[in-house]
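Breakdown of the fold
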Amino acid sequence: MREKSSGWQGRRLRIDLTKGIIEEENLSSSYLRDWLGGRGFNIEVISREAPEGLDPFDPEAPLCFAIGPLAGTLAPCSSWTSLAARSPLTYPCTYAYEDMGGHWGAELKFAGYDQIVIKGRAEKPVFIVIEDQRVEIKEANDLWGMDTRRCTLAIQEKLKEREAKVLCIGPAGERRVRFATVVNCFSWKGGRLGLGAVMGSKNLKAIVVRGRGSVTIDDPKGFFSLCHTLYEKISHDPYAQILGKDGTLFPLKFIELGFFGNQNVRLEEDGLKSEDYRNQHFQSRDACFSCPIHCGRYSSVKSDDAHFGGFGLEDLLNLGPRIGLYQWETILRIVRFCLLMGLDTVSMGGMISWFMESGDILYNNEMVPKRGDAETVFQFMEGIVSREGDIGKMLGEGILRVAQNLGKGENGSLPVVKGVEEASFDPRVRPGTALSFSLSPRGGYLGLLGCWEIPEMAEYYRPRLEESIGKTISFPLTRNEEIKLIANMETREVAASLVGVCPLIVSRLYTYSLPDLSSVLQKLTGMDIAEQDLTARIEKVIDLERLYRGADGMTRDMDTYPQKYFHQEVPSGKWRGRKLEKEEWNESLSLYYRIRRWNGETGLPQADLLSKWGLKEKRGKYSASP
Amino acid sequence: MSANHRVLVVNPDLCTGCRLCEMICSLWHEDKCGTSFSRVQVAQWGEIGVAIPVVCQSCKDPPCEKACPTTARQRVESTGAVITDPEVCVGCKSCVYACPFGAPAVHPESKKLMTCDLCSGEPQCVKVCNTGALRYTDKTDIALKRKRYFAGHIARYWKRIEE
């Protein structure tokens, strides 16, 4: 018997593609309360069911999609989906997660599920159709090979249902490019770290959802008025307004502060003007489900006579200045190509820029892209997606594995963090931000950006930061304060994922506070989840994720940046002479571990934390109690 | 000024497809959230970045009222909204076919038809539409002109989509 629970649907869908078995599993209210949703559900399943060392492409490796209790409700910004699997890109391969916006998560809730766990490998290409708890596995031979846009349209056509929400992979995922993503509803990318390749390895082209159900609410009146208050708060937040007006490109004006850009980027001087984008390429605003900010951008690419959604800051930086390109038209064409093929733009930009500098390690120089030359970039990307020939096969493996293959993997100068292509950012310029990137399990990733360091934003942040760490602060922050805030930001990011809210609004703009999240959860579910209960669940998830990665060998010595940044100074420009200091780095790291109460030597949670969270050690690996 | 001096104006140019209107509508009327339980429904074409809120326009001479075999479609004088009386409605969907906008929706549980009732003169969807795609304005000449203009817009969008 399924217990009646408000907010959640209380159901997990399990699909075994090898055997073609579809099962529903009821989730008890105590389980829902313990793990909440999103990354909580996903790490709980993966830590129990995927042993450390398991090949991410092994049919038995689970691929999970989970939403939070708030998904599909009036709570603003609330329909994010968490994806998780063992990543084929990280080194060593281990648990990876990604939070993805869009409309797919809400639809899954309306269809009646909180989580999907997929295992096995279909004999032939298939796609899954979930329509109001009717689940089918269908043949996808005709869809295999299609780009993400054509595939989405073909499925909607096939099912005669334009409201169907399609999540699919492109040719990159089918061919197991290790940094392939999934794409939902045409515009939203998810699954950095190769979760698209994991989907491809299961011969699964798409998951289509159509839900006509609803989400029950424990206290409809209280929930209504609280959501409306939060809506007003977000709508009137000055930076949420800027985000809505300029999209995620708004921090471009802060670019000289060195938060992003591997070289000394001068966008305006080099011809990349924001107003040119606005006037010539901006078509319309786009929004995730239930979001009052509308930061999505729908852009036009004139030379391809095409439009596409989902263009953002990371796409621009990684596939523009990072590879020597400064024309909007060209950059948009490349970004659109990545969206259609299902390629992650950060890893792609990292790959291209590394090959531009070190391409001579390849034995066939014809493949090497040239800085600022878009045609060679396209040729290179097509080579990666095709995975044809020796070089094509090899390139789809990502920087680290290509270098290892060529016997150049050990020199400490590869631009990778934990095996993942580093973000478009020079760590020597901002060591605090760099530390937060290196701690991120996703390798170098722009997700934990210390925006409070931007002077223009400092006064906006001050009261929010003071509330978060419970004391008055002044800028510049002391190292102690900075590390505390990095930990706090990470906590908020997990909070966002557990309840299913946009991480940008919770952990970058701080517009949703933790007390806000706990009250909205209480009104929705009727469960007594106070702020400290929420914090406890967040910490449990952070600890469990860290333990799981620890079992794969991802420990303290991997929380670092490539060694070259500790030896080589920034050669020129505004930041000339800067480098990372080993001693400072280590002290900061120890401070962070102390805040998390982890072991200073291993960087892993201590035994007493395990028992506190009811986690247990099982055959040398850690796991959640069933 | 009484509520029937005001009209709900739709501007699809400004709609981003966030669907907050559907969430607040279903919560207000049904005490739960679900796009299928909403009186306003956003039709989306993600591939071309178009989203159009489809909602009853409370036409001056409503075709749904004429098409309804049971006289379930009636205008509420206080607000000007044309609504379905669920006690009278037999769920035949004639109004859906008669409506130029396809605005009436079938209630997933009762199977009766439902359309916007302007929340008794205080439409909730407008409260969460900060883009201005949905606005509740005075029925001055200009508002009526705009309403006409944007209704024409919807027709133009349809043409574009069909192309």
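Going by the structure above, here's the rest.
So, here is what we can say about the structure in this document. (Residues numbered from 1 in each chain as written. Chains lettered and ligands numbered in written order. Predicted model: local features only at pLDDT ≥ 70, side-chain atom pairs only at ≥ 80, totals over all residues. Heavy atoms only, no water.)

Per the secondary structure count, chain B includes four helices and nine strands. Helices and strands appear in chain B in the N-to-C order β-α-β-β-β-α-β-β-α-β-β-β-α. A compact globule built from 163 residues would reach a C-alpha radius of gyration of about 15 Å, and chain B, at 15 Å, matches this within 12%. Expressed as lengths along the three principal axes of its C-alpha atoms, the size of chain B is roughly 40 × 35 × 30 Å. Taking all contacts inside chain B whose residues are at least 6 apart in sequence as the whole, residues at least 24 apart take part in 58%. Split by element, the accessible area of chain B, about 7,500 Å² in all, is 53% carbon and sulfur. (Helix = DSSP H or I, 4+ residues; strand = E, 2+ residues; numbered from the N terminus. Rg over C-alpha atoms; globule rule 2.2 N^0.38 Å. Contact = heavy atoms within 4.5 Å. Areas by Shrake-Rupley, 256 points an atom, 1.4 Å probe, with all protein chains shown as cover.)

We now examine the pattern of salt bridges. Pairing is possible between side chains of opposite charge, provided their charged atoms come close. For the coordinates displayed, the defined rule picks out 53 salt bridges over all chains. As a salt-bridge pair, Arg48 of chain A and Glu49 of chain A come within 3.9 Å of each other at their nearest N and O atoms. Overall, the relative accessible area of 25% leaves Arg48 of chain A in the partly exposed class. Here Arg19 of chain B makes a salt bridge to Glu22 of chain B, at a shortest N to O gap of 3.2 Å. Residue Arg19 of chain B shares its accessibility class with Glu22 of chain B, and that shared class is buried. Taken together, the shared-partner salt bridges connect Glu107, Glu131, Asp132, Arg134, Glu161, Glu163, Lys165, Arg210 and Arg212 of chain A together with Arg19 and Glu22 of chain B into one network. (Salt bridge = Lys/Arg side-chain N within 4 Å of Asp/Glu carboxyl O. Buried < 20%, exposed > 50% of the residue type's maximum accessible area, 1.4 Å probe, protein only.)

Turning next to unusual backbone geometry. For the peptide bond that leads from Tyr91 of chain A to Pro92 of chain A, omega is 0°, which places it in the cis range. Position of Pro92 of chain A among the secondary structure elements: in the loop between β4 (81-86) and β5 (95-100). Here the amide bond leading from Phe475 of chain A into Pro476 of chain A is cis, since omega sits at -5°, within 30 degrees of zero. Here Pro476 of chain A shows up in the loop between α17 (455-469) and α18 (479-499). The phi dihedral of Lys160 of chain A is positive, around 55°, even though this residue is not glycine. Its place among the elements puts Lys160 of chain A in the loop between α4 (148-159) and β9 (165-169). Its identity is not glycine, yet Ser120 of chain B carries a phi of approximately 55°, on the positive side. Within the element layout of this structure, Ser120 of chain B appears in the loop between β8 (113-114) and β9 (134-138).

All names here are of chain A. Scanning the entire structure with this criterion turns up 24 aromatic pairs over all chains. Consider the rings of Tyr95 and Tyr548, whose centres lie 6.2 Å apart with planes at 75°: the pair is edge-to-face. Highlighted residues: Tyr95 in strand β5 and Tyr548 in helix α21 (residues 531-551), separated in sequence by 453 residues. We classify Tyr95 as buried; its relative accessible area is 0%. Relative accessible area serves as the criterion here: at 2%, Tyr548 is assigned to the buried category. (Phe/Tyr/Trp six-rings, centres within 6.5 Å; stacked < 30°, edge-to-face > 60°.)

Our focus in this paragraph is the sheet that holds strand β1 (residues 11-16) of chain A. Residue and element names in this part refer to chain A. Judged by pairing direction, the sheet is mixed, and its six strands sit side by side in the order β2-β1-β6-β3-β4-β5 without closing on themselves. Each edge of the sheet is formed by a strand with only one pairing partner; in this case those strands are β2 (21-26) and β5. Direction aside, the axes of adjacent strands within the sheet are offset by 15° on average. In this fold helix α3 (residues 104-111) packs onto β3 (63-67), β4 and β6 (115-119), with an angle of close to 85° to the strand it touches most, β3. (Pairing = 2+ DSSP bridges. Axes fitted to C-alpha atoms, helices over the stretch in contact; angles between N-to-C directions.)

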